[in-house]
Structures are given as structure tokens and as C-alpha cells.
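# Secondary and tertiary structure notes
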Amino acid sequence: MLPYTVNFKVSARTLTGALNAHNKAAVDWGWQGLIAYGCHSLVVVIDSITAQTLQVLEKHKADVVKVKWARENYHHNIGSPYCLRLASADVSGKIIVWDVAAGVAQCEIQEHAKPIQDVQWLWNQDASRDLLLAIHPPNYIVLWNADTGTKLWKKSYADNMLSFSFDPFDPSHLTLLTSEGIVFISDFSPSKPPSGPGKKVYISSPHSSPAHNKLATATGAKKALNKVKILITQEKPSAEFITLNDCLQLAYLPSKRNHMLLLYPREILILDLEVNQTVGVIAIERTGVPFLQVIPCFQRDGLFCLHENGCITLRVRRSYNNIFTTSNEEPDPDPVQELTYDLRSQCDAIRVTKTVRPFSMVCCPVNENAAALVVSDGRVMIWELKSAVCNRNTRNSSSGVSPLYSPVSFCGIPVGVLQNKLPDLSLDNMIGQSAIAGEEHPRGSILREVHLKFLLTGLLSGLPAPQFAIRMCPPLTTKNIKMYQPLLAVGTSNGSVLVYHLTSGLLHKELSIHSCEVKGIEWTSLTSFLSFATSTPNNVGLVRNELQLVDLPTGFFAKRGLFSNFLYFRQYLAVVFKDKPLELWDVRTCTLLREMSKNFPAITALEWSPSHNLKSLRKKQLATREAMARQTVVSDTELSIVESSVISLLQEAESKSELSQNISAREHFVFTDNDGQVYHLTVEGNSVKDSARIPPDGSMGSITCIAWKGDTLVLGDMDGNLNFWDLKGRVSRGIPTHRSWVRKIRFAPGKGNQKLIAMYNDGAEVWDTKEVQMVSSLRSGRNVTFRILDVDWCTSDKVILASDDGCIRVLEMSMKSACFRMDEQELTEPVWCPYLLVPRASLVLKAFLLHQPWNGQYSLDISHVEIKKLLLDPEFTLLQRCLLVSRLYGDESELHFWTVAAHYLHSLSQEKSASTTAPKEAVPRDKLSNPLDICYDVLCENAYFQKFQLERVNLQEVKRSTYDHTRKCTDQLLLLGQTDRAVQLLLETSADNQHYYCDSLKACLVTTVTSSGPSQSTIKLVATNMIANGKLAEGVQLLCLIDKAADACRYLQTYGEWNRAAWLAKVRLNPEECADVLKRWVDHLCSPQVNQKSKALLVLLSLGCFFSVAETLHSMRYFDRAALFVEACLKYGAFEVTEDTDILCKKLVTAVYADYARSLKNLGFKQGAVLFASKAGAAGKDLLNELESSKEERIEE
């Protein structure tokens, strides 16, 4: 039989409560799948799936204002493992970089003593992952090495900075939100500070627009919205224009390049930065709830919005596609008037009060299908998006909202007929792409309309607001070990008692017992406790007192009213009143035994003796049993057949008999009066005998508390003195602590443990009463910032502190704040987080999930049932498996790589199958259905990219409001080859405009350009001279006019405009010329000074240069990714390895497999190493022999 085991280990932990106003923006959801948020000076880390607290980090001395998880966009291997890194910043200007799993601070950074305004990890460099950019008030941005704490550079600006945002498509572009406007920085680099002051622009608030006032009228609301303009100028607006004071947030849209949103309480403005104008307005009706925050999505053009009532809404950009127009609707002649974001789903609001209001929202960066709301009272609510397929016929066509359709692909590849699918895996697997204007959905595809809804999947509640009264349950003993649970009862100011299980840190029970503040709790057993509460005095100075005896398993409580203070010990309960004599109660029967006479001394402190006459009590119980036995004599044979129910009835009768005969223990208690005199009294039944009186100690003031254990009695007074009495040796010793009023003293549990904790107004101390010396001390304002409200012992070597920051801390006896290792946590639910594994284990698990062909079948045992089903599905391809595992691991670098790789490898296989079935009707690559999402920008197919740019310029044209806007639209149209429309805009220039003459001539030039030799050579000469003289944009325009876009791209690249060159190549050049331009860009990205090989890999994938990708991966020593990519390429026919194959190709494939086999061997993954060593042929022969010999040695052993 297995021995019975019970887990009673209690590790140091912190139970957190309500947040501070400074914590409002201190929350972040990392790629690692964990949410971190600030709670006063603590950083709390929770699991986003199970909503369990995994870690509480404590080292800040001030309130935390920002937390940011490190990005995971690098290749992970044994040298660069999966790890949990977090940066947190506080109001005193300190930044701490944490190793969250170990709970230790890796680095501390301090520049100024003012609150950090914003902090962000740099993600674009392949070389370094340790760079952290921070705003140090009032006007400094500083780049730090977060590994060493070294300051790399510092730059000051003229205005006070509030926040910043990086352009997700171009990391050299940084935008600062200042108190007066916006500063655009276009030369951000980790190696040196930005050169100039940046381009400063002012933005007038939307409220200053005359059109804004028309929103109140329902009839003209749509027209008014279309007319709202936001003017971005380099001139400071006049005083009546409120600038950015009411702008809540600035952020780039990660779903499309050069778009930014500005959040105002009642509007979200979408700006197109190429023309500096508003192309979309999301406005709230007059009765609507204002915005607090918005998070733009990457995978789809959508926005998660948080409102002031705690409601989270999802808005998705409307598709402008004729397929959605039903027969009874008139088609809109000019559909793209504005970027419109339709409300698609919203969650329930919270009840907002003065103390409870929404603070902040974060969105899952990996899947973008869940949002977490942090509330000021310490709650974290996790809302997950769920999709439901609906019948198209039931849709209300008059709603004006275009339907959403589920995507045809899953994990990058169209779903097979028999293939399992996880519909809610991520946002791009829930809803398809928004169709571009004029584009039709692929013919023959099954369009399944979906509706989205939010579902609350996680809720974490914090402690209520202080005050607190805490009491730990009776200690663990050999007798109660089988049923022991480490429970902590917490009395609160609203009258409820919360019972926490300290092994897991979770709330065990919440009981609403009292109608006023709980003042004290005493446990009567492991499953029941007494609590008392006192109301505030009324107008005549009277208070309402309540005393409850609660049984935890049933939740039943017996109410006894009107009490002031009490002390319980085993059988008797002493109730002490302020202006009334002492009362004695019997806890077993809940009856009043005796009320003392009026001349009984006023009690200032009382304590029961820990020892009593248990032997005499047992003798009495034995005598009672013998008497009962004589009354019910039975023979041995009869006794053997007595049923258990009869025995239980006898036991019950026995206990009643003991009560009826008033069998009770004799107990002792001591108390002090106002003069400091100590009284020793004996209680037995309802008789109270005065045993001894000890005169007051002259060195002691008014006694406030007493503690008694064994032969030691300790008294504390109002002046901070502690008096230690050795009752056996009859000696006493007074110690002045100089700590003011001793509020509470309590001995630690455990036989022979003479440690004692004393609580003062300004902190607490632990004393060893045997040696009469202090063990540890904690003082508010010196060691810690919080004030102690209550103390108790958790175990014989751990203390519990309740503090005014709303937290309860379980600490070692040293009382030093310490974090714990996350792997030491006792969790009630399993947590999926590979980052918590040791590096070797997490990488082996990843290889195991990715590739298991050595078993002949896939096997797995993980907690996610749906994911398990997918990974075991034979139809689930290698590419889909790689994509899914990158999502499971939150691996940003792998997710982007495999998304692009899966798309283009699948496109290649489609092209091959199309060309073999119908060679004459081969589908051009750019015309294929289901293009790559536009969030990948220049990595998309050329035709799709061109359509998107045309839609964008049409929208810019509709929205133009000034001559500058018109001129920028003209430039874009000329580059896109839309010469007729460009001429129309040029001819719109008014005669009184200073550019009238130039624009007229330009219109003539555009219409008369011919392809004759002389005119082309002249224009090319002029364009070259213009470029040489600093007019790059004008020269490029001229070259595009004469169809010399390839030359224009070369000039742009020569002058460092790599992104612009890539854009122009995608929209104007044929595939071959475009590929040449992009390949030069790849060489530039791979150069040591740029070092963006990860981006270069994505560009090569988009070009279909799969062999170059495999070569580059191998040269970068990304052996796992290289081997899986080669495997996928061989499967999809990107390159083949046969006898006639190019020697270079064969050599690369075998080298990749051999190196991957070696890396698997180093991880200890022998099965995988054997498989890939055998695939590597001659290159893996030695390794294969080595692996097989080691296998034989193990068998022999």
C-alpha cells in the first residue's frame, strides 16, 4: 500500500490586491503567452490560459509605471534559449530587467529620478536582443544595453515627451508623441543617436473642426464624417486650437505600411503618413461610451478598443467588394470614400464606481484573438474571441455591414477535406482577408460567413482594499497531517472573510459574514473559526459588534451579537469589552458561562495559558466511558456484529453525556489592567478563581499585548518596550525597542520554537525569546515603502505580513522581500509554457513536436486536446506543423518565416499542378487566389500589392483637402503609372497658386511624353541631373514617365532609399526586373553594417529563391529551421535530390541534414539524430556509426 502523502509545503509568495493609479499603463502580454502587470511596486506575472499567478517580482521601491516583455524574434538554440525576460520601470526612474523564471533582477538602470514615460525593446537587429529604448522625463530618450546596464546613447528634444511608437515596417522610423505635437524621426539607429531634432508637426484636435459639430444631427452624420479633416502642419496652430492635450494614444498600424492612428476620447483617426491626412474616422455617437485605449491588429486590419465602461470591442475594416451587394441594394458608384471599421463584437461592461474602473487592455500578440482587461480593483479579465459559422440567408442585408468569411486556408495552406482544423487558433484563421475594391473572391471557393463573439475564459481576482485582519489556521502536527490544509483567513473592511490556500495562493472560499469591518479572527479547529467585527461609532458614540462562529465545509455560521474583543483557547472564549466587564463563553455549546462583576478590572491585554490539565480531563472522560459501558454491557459475540452506525450513535451519546456532566478542562489566563498589574486566573466550568497578582513593572508603560508559550511570557507596552518573563526561572528582562506602540506579539508554532513576531506602528520584528535577541527587523520608510497592518506566523519559519498597499506577503523569517523560482510553484492547473523548461528540454520538446517520423506514427501527450488532435492528424503537413509549433512557442521569428514559406511553397506546388494539367492555361503566379496578407507588405505578390496601392491612392485622392495633399497624390499616381488621373489633378491647380505654371507645364509634359529616342534621352539626362543635384524624388518621377523605373530603382538604392525602391519595383516592374532590384536589397540587408538577415530571408522566400534561403539558413547556423525547410522544399518540389541533381544542391542538403543530426545529438535526442544522419548519406556516416555504437553500449550495460 502506498503511503498517504499530503502537500503542505508553503513557499514564500505575495497575494496582491487593488492597483495604484500609477499602474494604469503598466501591463503587457508577451509572445511567451504570459501577462505581466504592475501592482503598486510589485510586478505580477500570470498565465493567460489558466489565469493563475505564476510569479510576483519585488525589488522596486516605487510604483511601477511600465512593463514590457522582451520580443522573441530571434532564432532559438542552446546558446540563445527560450527565456522569460521582462523590463519594468517605476516612478523614481529605475528600470529593472528580470529573469522572470528565476525571479531575479538581471540588471538595474537609473538615469533620472522622474517617472519613466515609455520603454520599448528593439526587435530589428539580428546581432543584439538586449537593446532597450526609454523616455526619461522631461525630454530625453536613452538607448540602454539591458544586459549590462550600459548607456549606449542619449538624445534630448525640445518638448516634453509622452510616448513613442516604432514603425513596424521600417525600424529606422520613430515617432514621438509630445505635449504639443508629434516628432517624426527618420534616422533612428542603435549605433548612434538621431542626428537632428526630427520633423515636428502640429495636429489640431478633431473638436476644432467645424464639421465635427455637425455630428449631432443624425441626417448629416455620414456626410460630416466624410468631411472631417485633421490638418498636419509644421506651423504651430493658433491658441484657440487645442493641440494634442486630449490625444490619448498614438500608434502605427501594423497591418499596413505608413498608416497611423490617433486616439481621442470620442474618435479614432486613421492617418495616411504619405500624404499627412485623415483617411478614416471612427466616431462614437453622442450617447456612446468614450474610448480609453486602442490596439491595432497585425494579422487583419482590425482594432481592439477599450471603452470607459470596461467594454472591449473589435472593429474590422469593411470590405468594399461587389460580391456583397445583394440584388435589392443599389451599388455605390464610388465605394471607397473612407476607411470604415465596423463593430464586429463586444464584451460585457463592468460596473464602474469611484474605486473600480478599467485601467488598461492588452492583446495576445501571437494569435490576436484574445484581450485581457486590467481593472483598478486588481481583477484581470481574459476575453477570448470565438467564431461561429452562420447561415448566409439569415444575415440582415439592410444592416450595411459587409459579412465576414472564414479563411479558406489553415496554418498557411488550404484545408483538406478530411483535415482537422482549429477555427479559433488565431485571428487570421478565424476571418479571411478584407477584399480590396474591385477584387472578386476566388471562383468555386466555399464562402462560410462567420460571426465573432467574446467569451470570458479567465478571471483573476485580487484582495479587496485594506484594512485587513489575518489569522493562519492551526499548525501542522503528526495528528492532523492527513487532513491538513495551509489556510489563511483574511478579514476585510467590508465584513467578508476570504480564506486562501497558501500552497497554491488561490482563493479557497469567500464568506460574507459581517456587516462591518472585521477586526479579528481566531481558528477553533482546522475547519472552523471565530471572527468579530465592529462598526464605526454612531452619533452617540455606540458601536455595533458582531461575533460569528463559522464552519468552513458547510459555510454555516452561528451569530452572536454585540462584542468588542475576544480571545479563544480550546474550550473557553473570553470576550473583552471597552466599558463593560469580561464575559466567558463555552465554544462547544455557544453559551455564556459567566459575566464578571462590575468591579472587575478593566482589561488592556489578555492571553490564555498554552498548557492545561489534559491528564485530569482524560481521567474524567475515561470515567464517563466506563459508566456508559456498565449501562450497555454486551458479549464479545454481540459486539462483533454491532454496525458502524450504532457505534457512531454511541459516540454521539458519549459526547452529549460529557457535556451534560459538565466535563471541562481547567484553563488559565493572564491579563493586565490599566495600571500594568498582571492577574493570573483559573477557569473551570463557569467558575473563575483568582490565582495570583503580580505588581506592575516600573519600566513598563500601559500593557497593550501579551504572548505566552511554554515557560515564557512576553508583554508589550505603548512605549515600545518588550518584557520577557522566564516563568520557570522567575526572572524578567525588559528590552526598550524604541519603536512606539507594540500592537501585537505572537509566538511561532512548533514545539520548542521560541521565536516571536512583534508588530509596531512602523513595522515588525522577529525575536528569539530563548536568547532574548532580535532575529530580523522591518521598518516602513526605511526597508520598505508600505505600512504593516497585521502579522501572523504561516509556518514555524515563515511570517505573514498584511500591508496598506493591499498585499499580503508570506516571507522567510528574515522578512526580506524575495521572489521565488517559478518551477517551485504549486499550481492547481497545468501551465503550457516551454519557457519555464530548462533550455535543452524546451528545444527537445520542440523537435519532438515538429518531427516524429522515426516512430512510424505520431504520438503526443499534452494538455491541449484540440492541438493534440491536430498534431496527430496525418493530413497535417510539415509546414502547418511548423507554423502551429511556432504559435505554441510564441516564436515570433519562426512564425513570420513559416507563414511566408508555407504561402510561397504552396503557391509553387499549385503552379506546378496547374502547368501539368493545363500547360496552355498556366496560372501566372501573381494571379493566384488567396494572396499573402497585406501586413507582409512588399513580400506580397506583385499584382495584389499593386491593387492595394491603387486603392490607397484613390482614397488619398478622395480625402485631399489642400494643395499639398493634391500634389502628393499626383506624385503617387505618376509613380503608379496612372498618368491620365495625374494630369487631371495637375490641371486643378488654381491660377493664383505659385505652382500654377509648373503644374501646367508638367501636365503638358505627361500627356506628350512619347517613346521616341531623342525625347527619352533628354528626359533621362534631365532626370539624372536632378538626382545629382539633390532632387531625387523629381528625377525618379521623370524616369518613371519614360518607363525607366528599373533605373529609378537603382538610383533610389544608390541613395539609400531601399524601401522606396522595393515599393517602386513591386508596382512598376516586371517580375524579372523586380527580382533583380529585390536581390540587391537582400545583399544590402545581409551586409554586416545592416545585419537584418532574417528580413532578407523573407524577401528571398517571396522571390521563390528557395535554394538561396536554405543556403543562408545553413550559413547562419539555423540548423533546425534549415533541415525542416529543406524537407518541405523536397516535398513541394522546390528542388529535387536525384542522381542527376546539381552537385551543389546535393551537397547542401546532406550538409544541412548532417548538422541538424549533430545538434539533435547534442540535445540528447538520439532517435531524431539517427534519422537525419541516415538522410545525410556520406556526410552523416561517421555520426550514424557513433550513434549506433553508443546505442549498442547502452544495450550491453
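Scroll up to find the structure.
Residues numbered from 1 in each chain as written. Predicted model: local features only at pLDDT ≥ 70, side-chain atom pairs only at ≥ 80, totals over all residues. Heavy atoms only, no water.

### Points about the overall build of the protein chain
Check the secondary structure of the protein chain and you find 23 helices and 60 strands. The buried share among the 1197 residues of the protein chain stands at 54%. Within the protein chain, contacts between residues separated by at least 24 positions form 55% of all contacts whose residues are at least 6 apart in sequence. Carbon and sulfur atoms provide 52% of the accessible area of the protein chain, an area that totals close to 53000 Å². (Helix = DSSP H or I, 4+ residues; strand = E, 2+ residues; numbered from the N terminus. Buried < 20%, exposed > 50% of the residue type's maximum accessible area, 1.4 Å probe, protein only. Contact = heavy atoms within 4.5 Å. Areas by Shrake-Rupley, 256 points an atom, 1.4 Å probe, with all protein chains shown as cover.)

### A word on the packing of helix α11 (residues 979-986) against helix α12 (residues 996-1008)
Between α11 and α12, whose axes approach to 9 Å, the crossing angle comes to 160°. One element, α11, and the other, α12, form an angle in the roughly antiparallel class. Seen from above, α11 lies across α12 with left-handed handedness. Mapping the contact onto sequence places T979, V983 and L986 in α11 and D999, K1002, A1003, V1006 and T1007 in α12. For the contact of α11 with α12, the class distribution of residues is four nonpolar, two polar and two charged. (Axes fitted to C-alpha atoms, helices over the stretch in contact; angles between N-to-C directions. Parallel < 35°, antiparallel > 145°, perpendicular 65-115°, else oblique. Left-handed = near helix turned anticlockwise from the far one by under 90°. Nonpolar A, V, L, I, M, F, W, Y, C, P; charged D, E, K, R; others polar.)

### Section: the sheet that holds strand β57 (residues 773-779)
One open sheet holds the four strands; their spatial order is β54-β55-β56-β57, and the pairing between them is antiparallel. The open sheet has two edge strands, β54 (742-747) and β57, and neither has a second partner. The sheet shows a mean angle of 15° between the axes of neighbouring strands, taken without regard to direction. (Pairing = 2+ DSSP bridges.)

### Describing the packing of aromatic side chains
Counted according to the given criterion, the structure contains 21 aromatic pairs. Between F671 and Y679, the ring centres sit 4.7 Å apart and the planes meet at 5°, which makes this aromatic pair stacked. Exposure class is identical for F671 and Y679. Each is buried. With centroids separated by 6.2 Å and ring planes inclined at 85°, the aromatic side chains of W832 and Y889 adopt a geometry described as edge-to-face. (Phe/Tyr/Trp six-rings, centres within 6.5 Å; stacked < 30°, edge-to-face > 60°.)

### Comments concerning the state of the cysteines
Overall, the coordinates contain zero disulfides when judged by the stated rule. Free cysteine C794: the closest other cysteine sulfur is in C473, separated by 8.4 Å. (Disulfide = S-S within 2.5 Å.)

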